[in-house]
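Listed below are the residues making up each chain.
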Amino acid sequence: MNWTARIQLGLALTGLVLLGLLRESQAASTGPGYRDTFWMGVFASTVVLDGPQGMRRLVQALGTRKMNAAIVQMQGQDKDLFRVAEQGGFKLLFAPAYELDRNWWGDGGRTFPDTPEQARKAAREIVGRVQGEKSLLGYVLYDEPGAELKSRVCKITEAFREADPARAVTGVFIGTDEGRQSLVRECRPNVVLIDVYPFTQESKPGDFTMRGFFSDLDFVDYVRTYSRYLEGRPLWVLLQTHGTDWEGYKLREPSRAELRAMNWMALGEGADGIFYFHWSSFQTWRGLGDNPELLDEVGDFSERIQPIKGLLAGLERVNGEFFPQSKDPRHYVSTLRRGSSAEKYVVVVNRDVQRSQDIAVASAKPARLRDLLSGRVFAPGEAIRVGPGDGRIFRVVP
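Please read all numbers here as calculations on a predicted model, not as lab measurements.

Quick notes on the rules
Residues numbered from 1 in each chain as written. Predicted model: local features only at pLDDT ≥ 70, side-chain atom pairs only at ≥ 80, totals over all residues. Heavy atoms only, no water. Core = buried A, V, L, I, M, F, W, Y, C linked by side-chain atoms within 4.5 Å. Buried < 20%, exposed > 50% of the residue type's maximum accessible area, 1.4 Å probe, protein only. Helix = DSSP H or I, 4+ residues; strand = E, 2+ residues; numbered from the N terminus. Arc of directions from axis to C-beta. Contact = heavy atoms within 4.5 Å. Pairing = 2+ DSSP bridges. Axes fitted to C-alpha atoms, helices over the stretch in contact; angles between N-to-C directions. 1 Å grid on protein atoms, 1.4 Å probe; cavity = no way out; pocket = protein on both sides within 12 Å on 5 of 7 lines; lining within 4 Å. Points joined across faces, edges and corners; volume = space filled by probe spheres on them. Nonpolar A, V, L, I, M, F, W, Y, C, P; charged D, E, K, R; others polar.

Digging into the nonpolar core
Stage number 1. Formed by 109 residues in total, the largest nonpolar core has its most connected members in Leu58, Phe160, Trp236, Tyr276 and Trp279.
Stage number 2. For this core, the element with the highest residue contribution is helix 10 (residues 256-268), accounting for eight residues.
Stage number 3. The next biggest cluster of nonpolar side chains, apart from the first, holds twelve residues, and it includes Phe322, Val333, Val346 and Val348.

Encoded structure:
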């Protein structure tokens, strides 16, 4: 090899090393990683948020309730919103719907080529405007896409992951059909974020059938149609707190006990984040910010689990190690574990939203359960009194 070639090779290797160090530095500068924290927040939009003042009210209302994040449909030029979030110690998941309509999905008759080059161009433009924001947690790029958009969903997901590898890149997924669920498997968002809306005006109290999505699946079974594809990725759920009054689609708001049960079942299914739709009142629904009863319920839950939020991120549901002793469908029991760790946790939920229940936990190998919040230890098979819609989380102890 001649000296010119050696010098060129040396410069190339030096460049690769410096690039690697730069990327590590960028990743370190973003603060808590999206995988390292249990996230709680809301879905919001600048269409009805009322600018920085509205963001300040949101951050204050949720921050006092120990919540830490929001998904916000906004524009990259809305720097004031990032600043308000940063000042409040809050994180934003940026949903750049407006920009992507203008450079990727198409808008007002404009179309853009469905190519990797156009996807990278769109991602670089958007990421370049916001990547330095300290309050930026990640990107929510699409909302309930159908299978016909698979090519574009996959390309834009990959482009954002390349442009900002340290942050969450996802979209909101919905539905049980193979086409929609294939987006989670094939497009590889690094977080799986799903809508979960069970309640219509026909739903009886405590009926968690997914009528809001025209499905006869139960809440738990619906979540599991997505969690089976996680492959180590975090699971975030977007829970229903709203009703609608549209022709042919009439949701109802959950009761406090129903929302409480959804929160606990989400924990039992291994959720690493819980968000609520929608913060602001708009169209035919009342926003969570205008619903004191449900906002208090969300806050009570968030404050109650605050001491263990650091533990919750990264737990995954495992099949069948602990289960309800009774076959009563109102008794929910799940087992959680972190990777290959020997430590196990058990979540118990009373799905009866009107009455307390005594729930006993069974397992193939009898074990005691220590309540993570109260410290009380339950013997194998001992009944656990659980209030309407309420839940408990335990560590398995010898």
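Concerning helix 4 (residues 79-87)
Stage number 1. Those residues of helix 4 that sit buried are Leu81, Phe82, Val84 and Ala85. Down the axis of helix 4, the buried side of the element spans an arc of 160°, and every buried residue falls inside it.
Stage number 2. Tucked inside the fold, the buried residues of helix 4 contact helix 2 (46-49), helix 3 (51-63), strand 3 (91-95), helix 6 (116-130) and strand 4 (136-143).

Some thoughts on the environment of Met74
Stage number 1. By secondary structure assignment, the location of Met74 is in the loop between strand 2 (69-73) and helix 4.
Stage number 2. Sequence separation between Met74 and Asp272 is 198 residues, and the spatial gap between their C-alpha atoms is 24 Å.
Stage number 3. Those residues in contact with Met74, other than ones at most four positions away along the chain, are Thr46, Leu81, Phe82, Leu92, Phe94, Ala95, Pro96, Tyr98 and Glu99.

Thoughts on the environment of Leu239
Stage number 1. With respect to the element layout, Leu239 can be found in strand 7 (residues 235-240).
Stage number 2. Residue Leu239 is classed as buried on the basis of its relative accessible area of 0%.
Stage number 3. Counting along the chain gives 114 residues from Leu239 to Glu125, while the straight-line C-alpha distance between them is 31 Å.
Stage number 4. Ignoring anything within four residues of it in the chain, the contact list for Leu239 reads Val196, Tyr197, Phe219, Met262, Asn263, Ile274, Phe275, Tyr276 and Phe277.

Re the sheet that holds strand 15 (residues 377-378)
Stage number 1. Taken in spatial order, the six strands make up an open sheet running 9-11-12-17-14-15, and their pairing is antiparallel. Edge positions in the open sheet fall to strand 9 (316-318) and strand 15, since each of these has one partner strand only.
Stage number 2. With seven bridges connecting them, strand 11 (residues 331-337) and strand 12 (residues 344-350) associate as antiparallel partners. Residue pairing in the sheet places Tyr332 in a bridge with Val349 of strand 12.
Stage number 3. Contacts from helix 10 reach strand 9, strand 11, strand 12 and strand 17 (391-397) within the one sheet, and its direction differs from that of strand 12 by about 155°.

Quick word on the layout of surface pockets
Stage number 1. In this model, the largest pocket occupies a volume close to 430 Å³.
Stage number 2. Elements with a contribution of two residues or more to the lining of the largest pocket: strand 1 (39-45), helix 2 and helix 5 (97-105).
Stage number 3. Class assignment for the residues of the lining of the largest pocket results in 16 nonpolar, seven polar and three charged.

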